Amino acid sequence: MTAMPVSRRNVLKGSGGLFVSFLLPESVLSQPGRLPSPLNRRLSPSQLDTYLSIDANGVITAFFGKTDMGQGVDVAIAQIVAEELDAALDQVQIIMGDSALCVNQGGASGSTAIESGARPLRNAAAQARQVLLELAAEALQVDSATLEITDGQVHVAGDSSRRVGFGDLIGNSHFDVTLDWNGAIGNGLNVTGQANPKTTDQYKLVGQSAPRRELPAIIFGTQEYIVDIKVPGMLHGRIIRPAVAGAAPLSTDTSSIADIPGVQVIHVGDFLGVVAEKEWHAIKASRQLSVQWSQVSGPFPASNDIYDHIRNEPVARESGGGGFGPDVPLDRENLDQQMAQADTVIEAEYEFPFQSHASMGPACAVCDVRNGQATLWTGSQKPHDAQVGVAALLDIPVEDVRSIWVLGPGTYGRNDAGDAALEAALMSRETGRPVRVQGMRHEGSGWDPKGPASIHRVRAGLDVNGNIIAYEFMSKGYSAGDMAAWERSPSDTYVGMLTGWPNATVHRFGTPGDRYEFPEKLQYWQTVCPLLEKASPLRTAHFRDPLGPQIHFASESFIDELAVATGKDPIDLRLEYLQDPRDRGVLEAVRERTNWQSRVPGPEIANAGTTVTGSGVAYTRRGNSVVAVVAEVEVNRTTGRVWPRKFTVVADQGKIINPLWLRRTLEGNIVMATSRTLWEEVTFDSNNVTSVDWVTYPILEMEDAPEEIDIVLIDHDDLPPYGAGEPSTRPVTAAIGNAIYDATGLRIRTAPFTPERIRTLIERGLAADIENASDQSV
């Protein structure tokens, strides 16, 4: 695949927009459909032409400033646009995540693609429909009120012979319509026009299942990925990293790689890498180059000691609010009074490890820096932020950088794709040629940004009747903001940290998303400082449903512990303290779907055979989405293997756009969260991360994957669509843990639930049983 250069953009006089003229690289054409070339674009948030274009054949192109991570978001956007225009679904193609073609809508971020990202596209399409009707009325010399639209053809009602197509009305021309823009850029961007979008009772395409368009190419191996990008004159780059985290390269001996042709060493600040004409030569040189590193002590405790380290570390920030807002002071007085009056106080502590994004392939990016401009091809889920970051690193105007999103090996949060983007930019600047940076497996697992490790302490006060009168939830751990969720500042990238950009750590954590109404309730968090201030293999950042799995592992496991302590059914207990109909609705639906038998959690028969079974429930909210999950597990008491055979998921996502890919998205959440629950844990010694491949950082394999995922969707015509990319991730760990307790009578409070950890739990339980029996015999 060969990319063509981009011409310089010129400001369109008098319009407040940008006039863009360039030839499209083939990487853009890897997305569904093909645009005419050259292409003229007016890129301004307030212009209808920013969001839609129609060619002479009536093909509609929607320009979407987000990206799709495999949930079929592009198909849902096509359905929404086609719905508002009364076009056929196959008339609509979607271009995503290209900074020269699409306005910045925040990239893939916070499950907002449909919830917020679809709004401007929906409103723009509704306004375009009105414009097309007015144009058709003039062309057909009739009143627009007499017109209808069917599959992109405007015709007189009752007389389809009098018709005109979209392409004939406006093909390859601009709408030249100004919309009311709310002034936001990113996730919050919205525009409205004079036309009102359809009401749900008018929908024909929205709410119907439609397949993903790229699946045939993926299945038959013809899909183009970021690793397939090739640019004429391109060099191959590799990064050289220290054996002891925090060490800096003092000098290099190039004679050590003299036998490798065409290698150039890139040493800028503390950043070190190599480039070569051939990829194998770059790999070989990165391994062979003799480097003198600074002498530093290993900065980390052993991974087995990390939770004690967190407990003992000074608190860097404490807040009772969300991590992105100002500190919320803690008001303990009423809680402490209620706790003092409690007949019983129940307490527990839970532990959650560092986790790696562990994308199926390490990061890759290509950047071509020349003549004061740059073109970037990136798998980052936030290509507009990568554009800003590259511009800052290179010290050139943002408008002189074009960032093109190309499907990568996986993401879900801030993985190593953002690092690769800026690394490629720096290496291209230093060499004056395009550079392709490709990570190796040990870097993809060992040096990617991590989900933070944490502990969670929960306690509740019960009155004499077993009612919860006070509840306290506290998280303490590493911030989720050691690096930002985006790479718009080089400070939030590996290369930026090594080339003099200032530290940008922001301390933030979070609290549970449930809506339990206890008489007194206090939820807060504390963060500790990072183990290594810059360029750490344990630097933390957003990972799918940032902080959700660890927080809700603790909160929803503890609710089950309270059910045991009060002798109540776990669903009944949750319903007792929930008032919102949507929260209650998902729990009542999952109880009905699973034919849940009311009971106190725990095994019916102690020590009943080698393989025992149990069921566990968990519920939560994420934003406006509400999810309940029941996990049914088998536990082998000899091997310690936990197999979640079946999940039942009830999801309330508001209005459903595409049921097929909503189900597939929920399934993906469940499988990935199961992997994080059963297997995933970053290990490290004092010097560096030691979980660097699929052996040392195992993920879920087929034999441990669920046999069945039964999904119930609650559809609301009276609500907008809500994000589904993350919410069903967060209850999974607690649901599995609660099911393990139901099967064994043993409570696991440390993730992941590996066979070794389960065996240890069982052995301790058996030892306790023997000790209790001995005490009773005495």
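Source: prediction; values computed, not measured. (Residues numbered from 1 in each chain as written. Predicted model: local features only at pLDDT ≥ 70, side-chain atom pairs only at ≥ 80, totals over all residues. Heavy atoms only, no water.)

### Some points on the packing of aromatic side chains
Here is step 1 of the chain: Evaluation of the coordinates by the stated rule reveals 12 aromatic pairs.
Here is step 2 of the chain: Summarising the aromatic geometry, the rings of Tyr-471 and Phe-518 are spaced 4.9 Å apart at their centres and angled 35 degrees between planes, so their arrangement reads as tilted. Note that Tyr-471 is positioned in strand S26 (residues 468-478) and Phe-518 in the loop between helix H11 (494-498) and strand S27 (521-528), a separation of 47 residues in sequence.
Here is step 3 of the chain: In this structure Tyr-471 comes out as buried when scored by relative accessible area, which is 1%.
Here is step 4 of the chain: A residue is classified by how much of its surface remains accessible, and Phe-518, at 8% relative accessible area, is buried.
Here is step 5 of the chain: A centroid spacing of 5.0 Å and a plane angle of 55 degrees characterise the contact between Phe-518 and Tyr-577, whose relative ring orientation is tilted. Separated by 59 residues along the polypeptide, Phe-518 in the loop between H11 and S27 and Tyr-577 in the loop between helix H13 (570-576) and helix H14 (581-594) bring together distant segments of the chain. For the pair Phe-518 and Tyr-577, a shared accessibility class is recorded, and that class is buried.
Here is step 6 of the chain: One aromatic cluster in this structure is built from Tyr-471, Tyr-516, Phe-518, Phe-558, Tyr-577 and Tyr-619.
Here is step 7 of the chain: Stacked on the ring of Trp-661, the Lys or Arg Arg-212 has its end atom at 4.9 Å from the ring centre.
Here is step 8 of the chain: A cation over a ring is seen here: Arg-599 above Trp-596, with NZ or CZ 4.3 Å from the ring centre. (Phe/Tyr/Trp six-rings, centres within 6.5 Å; stacked < 30°, edge-to-face > 60°. Helix = DSSP H or I, 4+ residues; strand = E, 2+ residues; numbered from the N terminus. Buried < 20%, exposed > 50% of the residue type's maximum accessible area, 1.4 Å probe, protein only. Lys NZ or Arg CZ within 6 Å of the ring centre and 35° of its normal.)

### Topic: the side chain of Gln-526
Here is step 1 of the chain: Topologically, Gln-526 is positioned in strand S27.
Here is step 2 of the chain: Classification of Gln-526 as buried rests on a relative accessible area of 12%.
Here is step 3 of the chain: If we skip the residues at most four places from it in the chain, Gln-526 touches Val-315, Arg-317, Glu-318, Met-474, Ser-475, Lys-476 and Gly-477. (Contact = heavy atoms within 4.5 Å.)

### Some words on unusual backbone geometry
Here is step 1 of the chain: In the segment running from Ala-751 into Pro-752, the intervening peptide bond is cis, with an omega of 0 degrees.
Here is step 2 of the chain: Checked against the element boundaries, Pro-752 lands in the loop between helix H16 (732-744) and helix H17 (755-777).
Here is step 3 of the chain: Of note in the backbone geometry, Ala-535 takes a positive phi value of approximately 50 degrees without being a glycine.
Here is step 4 of the chain: Relative to the helices and strands, Ala-535 resides in the loop between S27 and helix H12 (548-566).
Here is step 5 of the chain: Of the residues examined, Ala-535 reaches a relative accessible area of 7% and is grouped as buried.
Here is step 6 of the chain: The backbone of Asn-595 sits at a positive phi, close to 55 degrees, despite the residue not being glycine.

### Some thoughts on the domain arrangement of the protein
Here is step 1 of the chain: On domain assignment, one finds that the protein holds domain 1 (9-208), domain 2 (303-356 + 449-543) and domain 3 (549-774).
Here is step 2 of the chain: For domain 2 versus domain 3, the distance between C-alpha centres works out to 21 Å.
Here is step 3 of the chain: Listed per partner, the contact involves 41 residues of domain 2 and 43 residues of domain 3.
Here is step 4 of the chain: Roughly 3,500 Å² is buried in total at the junction of domain 2 and domain 3, and carbon and sulfur atoms are behind 65% of that figure.
Here is step 5 of the chain: Looking at the side of domain 2 facing domain 3, the largest losses of area belong to Tyr-350, Arg-515 and Tyr-516, adding up to 21% of the total buried there. (Domains from an automatic or database assignment. Buried area = accessible area lost by both parts, 1.4 Å probe.)

### Details of the pattern of salt bridges
Here is step 1 of the chain: As enumerated under the stated definition, the model contains 51 salt bridges in all.
Here is step 2 of the chain: Between Glu-667 and Arg-664 there is a salt bridge, and its shortest N-O distance comes to 3.5 Å. With Glu-667 and Arg-664 both in helix H15 (residues 659-678), this residue pair falls 3 residues apart, about one helical turn.
Here is step 3 of the chain: You can call Glu-667 partly exposed: its relative accessible area is 24%.
Here is step 4 of the chain: Note that Glu-681 and Arg-757 form a salt bridge whose closest N and O atoms lie 3.7 Å from each other. Residue Glu-681 is located in the loop between H15 and strand S31 (708-714), and its partner Arg-757 is located in helix H17; the two are separated by 76 residues in the primary sequence.
Here is step 5 of the chain: Here Glu-681 falls in the partly exposed class, since its relative accessible area comes to 21%.
Here is step 6 of the chain: Bridged by salt links that share partners, the residues Asp-308, Arg-311, Glu-349, Glu-351 and Arg-457 form one connected network. (Salt bridge = Lys/Arg side-chain N within 4 Å of Asp/Glu carboxyl O.)

### Topic: the environment of Pro-755
Here is step 1 of the chain: Residue placement: Pro-755 occurs in helix H17.
Here is step 2 of the chain: Judged by its relative accessible area of 15%, Pro-755 falls in the buried class.
Here is step 3 of the chain: Taking C-alpha positions, Pro-755 is 7.1 Å from Val-642, a pair spaced 113 residues apart along the chain.
Here is step 4 of the chain: With near-sequence residues (within four places) excluded, Pro-755 lies in contact with Thr-639, Gly-640, Arg-641 and Trp-679.

### Some thoughts on the sheet that holds strand S5 (residues 60-64)
Here is step 1 of the chain: Taking strand neighbours across the sheet as the criterion, the 3 strands line up as S4-S5-S6 in an open arrangement whose pairing is mixed. Each edge of the open sheet is held by one strand with a lone partner, namely strand S4 (52-54) and strand S6 (92-96). Each adjacent strand pair in this sheet contributes to an overall mean axis angle of 25 degrees, direction not counted.
Here is step 2 of the chain: As judged from the 3 bridges shared by S4 and S5, these two strands associate in the antiparallel manner. Counterpart to Ser-53 in the pairing with S5 is Thr-61. (Pairing = 2+ DSSP bridges. Axes fitted to C-alpha atoms, helices over the stretch in contact; angles between N-to-C directions.)

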